[in-house]
Amino acid sequence: MTVSETAAASAAAAATDVGTQALRPHAEDAFAHELKALAEADDRPRPARWQLSPWAVATYLLGGTLPDGTVITPKYVGPRRLVEVAVTTLATDRALLLLGVPGTAKTWVSEHLAAAVSGDSTLLVQGTAGTPEEAVRYGWNYARLLAHGPGRDALVPSPLMRAMAEGMTARVEELTRIPADVQDSLITILSEKTLPIPELGQEVQAVRGFNVIATANDRDRGVNELSSALRRRFNTVVLPLPATPDAEVDIVSRRVDQIGRSLDLPSGTDGLAEIRRVVTVFRELRDGVTTDGRTKLKSPTGTLSTAEAISVVTNGLALAAHFGDGVLRPGDVAAGILGAVVRDPAADRVVWQEYLETVVRERDGWKDFYRACREVSA
């Protein structure tokens, strides 16, 4: 082996090692074995340039067991019909808009859809108030532009432009946070399936397999409202909050277990009682009524989403692992719950104190949790 070949092999090995040590691997990497097993077992028709059939994509998201015994873990716990509608939309020429309150797994679902359909979830435009038009269309390498003038070599394609040229699935996160004039850049792409490059007198035409998944929060409607012209280009699927406490506990437990394994934390299943308690607190304050329906409650200003419950429990497991005996206890989650509930120090603190004294204090089996919450709230 030559010196150059040795160096190349070392670089490849280093890159592989970095990939396996990634704190948060891309979906297509983290679940590569499931995607491979599905592809081998999938004998149904596949749309152009899809890695899997629509049936296999839905199975990847919702979970199941393949004929060879391979278990596909659920990535989304919710109504099957919503997933089927989302997958079917991507098989047509309409883009998909995942809408819902914060914490309803919109980003998670969009990533896994892109991974299952195209095998690549990284063609991403992150929407912010400062997202420029170049992020949606294209930019320029100004060094090449000055040296050689305008040409395709000087053009820097956006993720959307790459997806169009390669027949892939692009993702646009937080669509309603993008300025309205930049949002409108999507209209021609979604309706005509072309991206004009007037500087060169050329255009990029989307090849079969191209589509877009966008996400938006219900709470962000007033930030940059979507124009009716743009909204018509999307098929909208609303992702709801988990319908039952058991479903939400299942979601939190699964995600905490996945995150915990990557951080070498104790298993979340060992603290199932505390996970259920966190979910109960969040649901009661979110719904404005206790689980038994007997007591009306004030709701805090925050969303108290499933994603926040996952964060509270993960932080609690870290506390238990590094400063406790490894078992998740009330004292490990109390501070996290306080931080999630009390966003407005004036209004939310009153809501939290009333909930502690009227509900938590009187609930059987919650004495340790009550004391822990009182301690961190003092």
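The model shown is predicted, which means the values in this text are computed figures rather than measured ones.

Thresholds, definitions, all that
- Residues numbered from 1 in each chain as written.
- Predicted model: local features only at pLDDT ≥ 70, side-chain atom pairs only at ≥ 80, totals over all residues.
- Heavy atoms only, no water.
- Helix = DSSP H or I, 4+ residues; strand = E, 2+ residues; numbered from the N terminus.
- Buried < 20%, exposed > 50% of the residue type's maximum accessible area, 1.4 Å probe, protein only.
- Contact = heavy atoms within 4.5 Å.
- Areas by Shrake-Rupley, 256 points an atom, 1.4 Å probe, with all protein chains shown as cover.
- Lys, Arg positive; Asp, Glu negative; His and termini not counted.
- Charge placed at Lys NZ, Arg CZ, Asp CG, Glu CD.
- Salt bridge = Lys/Arg side-chain N within 4 Å of Asp/Glu carboxyl O.
- Core = buried A, V, L, I, M, F, W, Y, C linked by side-chain atoms within 4.5 Å.
- Axes fitted to C-alpha atoms, helices over the stretch in contact; angles between N-to-C directions.
- Left-handed = near helix turned anticlockwise from the far one by under 90°.
- Nonpolar A, V, L, I, M, F, W, Y, C, P; charged D, E, K, R; others polar.
- Phe/Tyr/Trp six-rings, centres within 6.5 Å; stacked < 30°, edge-to-face > 60°.
- Lys NZ or Arg CZ within 6 Å of the ring centre and 35° of its normal.
- Pairing = 2+ DSSP bridges.
- Parallel < 35°, antiparallel > 145°, perpendicular 65-115°, else oblique.

(A) Focus on the overall build of the chain. Per the secondary structure count, the chain includes 17 helices and 11 strands. With 378 residues in all, the chain has 46% of them scored as buried. A sequence separation of at least 24 residues applies to 70% of the contacts in the chain between residues at least 6 apart. Carbon and sulfur atoms make up 53% of the accessible area of the chain, which totals about 18300 Å². Placing the 41 positive and 48 negative side-chain charges of the chain at their respective mean positions leaves the two points 4 Å apart.

(B) Region of the structure containing the pattern of salt bridges. As enumerated under the stated definition, the model contains 22 salt bridges in all. Asp250 is the partner of Arg254 in a salt bridge, and the nearest nitrogen-oxygen pair spans 3.1 Å. You can see Arg254 and its partner Asp250 sitting in helix H12 (residues 245-262), four residues apart, about one turn around the helix. What makes Arg254 partly exposed here is its relative accessible area of 35%. Residue class for Asp250 comes out partly exposed when judged on its relative accessible area of 29%. Of the charged contacts, one joins Arg371 and Asp368 as a salt bridge, the two residues approaching to 2.4 Å between their closest N and O atoms. One end of the pair, Arg371, and the other, Asp368, are both in helix H17 (residues 367-377), three residues apart, so they sit about a helical turn from each other.

(C) Local environment of the nonpolar core. Of all hydrophobic cores here, the largest spans 36 residues; its most connected members are Val281, Phe282, Ile337 and Trp352. Elements with a minimum of two residues in this core: H12, helix H13 (272-287), helix H14 (306-323), helix H15 (330-341), helix H16 (347-360) and H17. With near-sequence residues (within four places) excluded, Ile337 lies in contact with Val278, Val281, Phe282, Val312, Trp352 and Phe369.

(D) Local environment of the packing of H13 against H14. One way to put it is that H13 packs onto H14 with a least axis distance of 10 Å and a crossing angle of 145°. Crossing geometry of H13 relative to H14 is assigned as right-handed. The residues of H14 that touch H13, namely those facing Ile275, Val278, Phe282 and Arg286, are Thr306, Glu308, Ala309, Val312 and Val313. Taken together, the residues of the contact of H13 with H14 break down into six nonpolar, one polar and two charged.

(E) Summary view of the packing of aromatic side chains. The final tally for this structure, using the stated rule, is four aromatic pairs. With 5.9 Å between their ring centres and 85° between their planes, Tyr138 and Trp140 make a pair best called edge-to-face. Exposure remark for Trp140: the relative accessible area of 17% places this residue in the buried category. Ring geometry for Trp366 versus Phe369: centroids 5.4 Å apart, planes at 85°, classification edge-to-face. Both residues of the pair, Trp366 and Phe369, count as buried. The aromatic ring of Trp108 is capped on one face by Arg255, whose charged end is 4.0 Å from the ring centroid. The ring of Trp366 carries Arg363 above its face, with NZ or CZ at 4.7 Å from the centroid.

(F) Structural context of the environment of Leu62. You can see Leu62 is positioned in helix H4 (residues 54-62). Residue classification places Leu62 among the buried residues on the basis of a relative accessible area of 15%. As for Leu62 and Glu203, which are separated by 141 residues in sequence, their C-alpha atoms are 38 Å apart. Here Leu62 is in contact with Pro74, Tyr76, Gly78, Arg80 and Val83, once residues within four sequence places are set aside.

(G) Summary view of the sheet that holds strand E10 (residues 211-217). Strand order in the open sheet formed by five strands is E4-E7-E10-E3-E11, with parallel pairing between adjacent strands. Either end of the sheet is taken by a strand with one partner, and the two such strands are strand E4 (124-126) and strand E11 (234-238). Ignoring which end each strand starts from, the neighbouring axes of this sheet average 20° apart. Note that strand E3 (residues 95-100) and E11 share five bridges and pair parallel. Paired with Leu96 across the bridge in E11 is Asn235. Relative to the sheet, helix H6 (residues 106-118) contacts E3, strand E7 (169-173) and E10, its axis offset from that of E7 by approximately 170°.

(H) Broad picture of the packing of H12 against H14. One can describe the packing of H12 onto H14 by two numbers: an axis separation of 9 Å at closest approach and a directional angle of 50°. Our classification of the angle between H12 and H14 gives oblique. Relative to H14, H12 is oriented so that their crossing is right-handed. Of the residues in H14, those touching H12 at Glu248, Ile251, Val252, Arg255, Val256 and Ile259 are Thr306, Ala309, Ile310, Val313, Thr314 and Leu317. In the contact of H12 with H14, the residues fall into eight nonpolar, two polar and two charged.

(I) The pairing of strand E9 (residues 202-205), seen in detail. As judged from the four bridges shared by strand E8 (residues 194-197) and E9, these two strands associate in the antiparallel manner. Residue pairing across strands places Ile197 opposite Gln202, the latter belonging to E9. Hairpin connection between E8 and E9: a loop of four residues separates the two successive antiparallel strands, and Gly201 in this loop has a positive phi of roughly 65°.

(J) Local environment of the environment of Gln126. Relative to the helices and strands, Gln126 is located in strand E4. Beyond its immediate chain neighbours, meaning those up to four positions away, Gln126 contacts Thr131, Glu173 and Glu174.

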